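Observations on the three-dimensional arrangement
As a plain string of letters, each chain reads:
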Amino acid sequence: MKFYCLSGDPNKPCSILQFKGITFMLDCGLTAQTVLNFLPMPLVPSTRLDSLPGWMPRDFSDSQLERELKECCGRVFVDSTPEFQPPQSRIIDFSSVDVILISNYLCMLALPFVTEETGFKGMVYATEPTMQIGRMFLEELVENIEQTPRASFASRWKEFLHILPQPLSNCHRPRTWKHIYNLTAVKKSLSHIRMVGYNQKLDVYGSLTVMAVSSGYCLGSSNWVIDSGYEKIAYVSGSSTLTTHPRPMDQPALKNADVLILTGLTQTPTANPDSMLGELCMTVANTLRLGGNVLLPCYPSGVVYDLFECLSSHLDNSGMSTIPMFFISPVADNSLAYSNIFAEWLSTAKQNKVYLPEEPFPHAFLSRTGRLKHFKHIYSDGFSTDYRQPCVVFCSHPSLRFGDVILFMEMWGSSPLNTVIITGEDKPLQMKVVHCPIDTSLNFTQANKLIRDLKPGTLVLPESYLHPPIIDPARSDLVIDTDRPTIPYKRDEVHSLPLKRKLTPAGISTSLTEKLSPIEVRAGLSLATVTGELKVADNKYSIQ
């Protein structure tokens, strides 16, 4: 059994598993780390960005390179449309992939890069919420970038990495980076998806079965079990044991696997989601009390639903129930609508509300009462009429490189009264920047307990999980510590996993069974010799 790692980001995984002649792709995540090397793409011309000086290495002259690179606050950025690094196709031909298993909607943003113009003819399996919300994420990403087109694309800088400052000099294979796909590619890639339910066993070419089980991370998120009848492989990605809005994690189905592939642990191991949520609510209330505005860059689904609920309640208790909240996204309408119709994918507490009947999330009530207003863009009809300050704005994109969030950063950035709550790096602005990372994925303590409970034969995981994080190297508790045989991996590595096929089921034809003469060798055990012809069809064995 072979395992290939195609991604350098454990939280945007993409890997290949080859077993019994079948090639699986486990997720196709698209990291946003590459876009952080590019300047933001404002909706309207920005004097601040346009006046940034060009950058050139000392004792070097190249007019094209100087036009492509700009310096801002001691760091050099590329002045061009952002580019992404899709899963690496150097070590595997995407046309040979038989099945793609999608864990959640955050792990499918590279799907069009994999399925379109690559000769892909396989099948993609995902739950209904993963597909529908994933569609929103894909469409939002495309629309956010296409609404601010650039006249030219920068490429010359990629030839001079050795003389560029960090972090540009550390970019991984920038010549393989690509501009975002279009909506046509999105539509075609989604046509490959077959929607599945939890605990539904799916036959894969008669050789294996795959089954999605709840991972507890977000609406429709899944872990996967691959079973041959004699060998079992569990793929755990983006899981959570916390009690939030999704259905709880199904752990029993993952127990006693021969191989456990683990990825998607928390990106903020030192931050407690509950305390971060409390800090966020207090920061918002304090900013509003002083007459400032609050900007929350976010994705159009997921934690944002919990933020609507907790923040509105906190503002009510703080006597600020008249403060408006705005949710701005090209897919805002669909996001709010879908979240309230996926009842069977929710936690028990949320499901019970459906049968009362009540909406499982309060944002439906907040929208009806005008407390939460949602728009596709800031230039959409009605926004200028409803907009008033102070207010709270949720909008994309969290990278702060494109989307309507750029205009709010430019508009509010000059006042220290305003606050932006982000999980990324500080920006060169006067407004307060507060980091409140809310990541409900498994932390290392929870992951170590999970491994002990699941008792896998072999553990396969990113090498980075075996070392403390770079920002806190003394924290030896922030690692996976297990006595199980462990195989760590890094990007572009190929590993042979210690899973040897020993048995496979075979049927015996009726005509042959009639000729058998079993002899009892001891109480309860009879044996018979068999002479026949072994036939193989559709990966199924029979003796005739």
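This section reports on the structure supplied with the text. A quick note: this is a predicted structure, and the numbers were derived from the prediction, not measured.

Parameters and conventions
Residues numbered from 1 in each chain as written. Predicted model: local features only at pLDDT ≥ 70, side-chain atom pairs only at ≥ 80, totals over all residues. Heavy atoms only, no water. Core = buried A, V, L, I, M, F, W, Y, C linked by side-chain atoms within 4.5 Å. Buried < 20%, exposed > 50% of the residue type's maximum accessible area, 1.4 Å probe, protein only. Helix = DSSP H or I, 4+ residues; strand = E, 2+ residues; numbered from the N terminus. Domains from an automatic or database assignment. Contact = heavy atoms within 4.5 Å. Axes fitted to C-alpha atoms, helices over the stretch in contact; angles between N-to-C directions. Parallel < 35°, antiparallel > 145°, perpendicular 65-115°, else oblique. Left-handed = near helix turned anticlockwise from the far one by under 90°. Pairing = 2+ DSSP bridges.

1. Re the nonpolar core
- Counting 77 residues, the largest nonpolar core has Met25, Ile100, Tyr181, Val392 and Phe394 as the members making the most contacts within it.
- Here this core takes eight residues from helix H4 (residues 128-146), the largest share from any one element.
- Structurally, this core is a two-domain feature, drawing no fewer than three residues from each of domain 1 (2-51 + 84-265 + 442-496) and domain 2 (273-435).
- Residue contacts for Tyr181: discarding those within four places in its chain leaves Leu30, Leu109, Pro112, Phe113, Leu138, Leu141, Val142, Glu146 and Val186.
- Residues Leu17, Ala212, Ile487 and Leu497 belong to the second largest nonpolar core, which totals 28 residues.

2. Focus on the packing of helix H6 (residues 273-289) against helix H7 (residues 303-317)
- Running from amino to carboxyl end, H6 crosses H7 at an angle of 50°, the nearest separation of the two axes being 10 Å. The angle between H6 and H7 places the two elements in the oblique class. Relative to H7, H6 is oriented so that their crossing is right-handed. Contacts between H6 and H7 involve Leu277, Leu280, Cys281, Met282, Val284, Ala285 and Leu288 from the former and Leu307, Cys310, Leu311, His314 and Leu315 from the latter.

3. Side note on the sheet that holds strand E14 (residues 294-297)
- On the basis of which strands lie adjacent, the open sheet formed by six strands has the order E16-E15-E17-E14-E18-E19 and parallel pairing. Pairing within the sheet leaves two strands with one partner each, and these edge strands are strand E16 (372-375) and strand E19 (432-435). Going from strand to strand, the sheet's axes swing by 20° on average, the running direction of each strand aside.
- Strand direction decides the pairing type here: strand E18 (residues 419-422) and E19, joined by four bridges, are parallel. Bridge pairing in E19 places Ile421 opposite Val434.
- The strands touched by helix H8 (residues 332-339) within the sheet are strand E15 (325-328) and E16, with E16 carrying the most contacts at an inclination of about 125°.

4. Here's the deal with unusual backbone geometry
- Of note, the bond from Gln166 into Pro167 is cis; its omega dihedral lies within 30 degrees of zero at 0°.
- As for its position among the elements, Pro167 is in the loop between H4 and helix H5 (183-190).
- In the segment running from Gln389 into Pro390, the intervening peptide bond is cis, with an omega of 0°.
- With respect to the secondary-structure elements, Pro390 resides in the loop between helix H11 (383-386) and strand E17 (392-395).

Worth remembering: the numbers are spatial, not functional.
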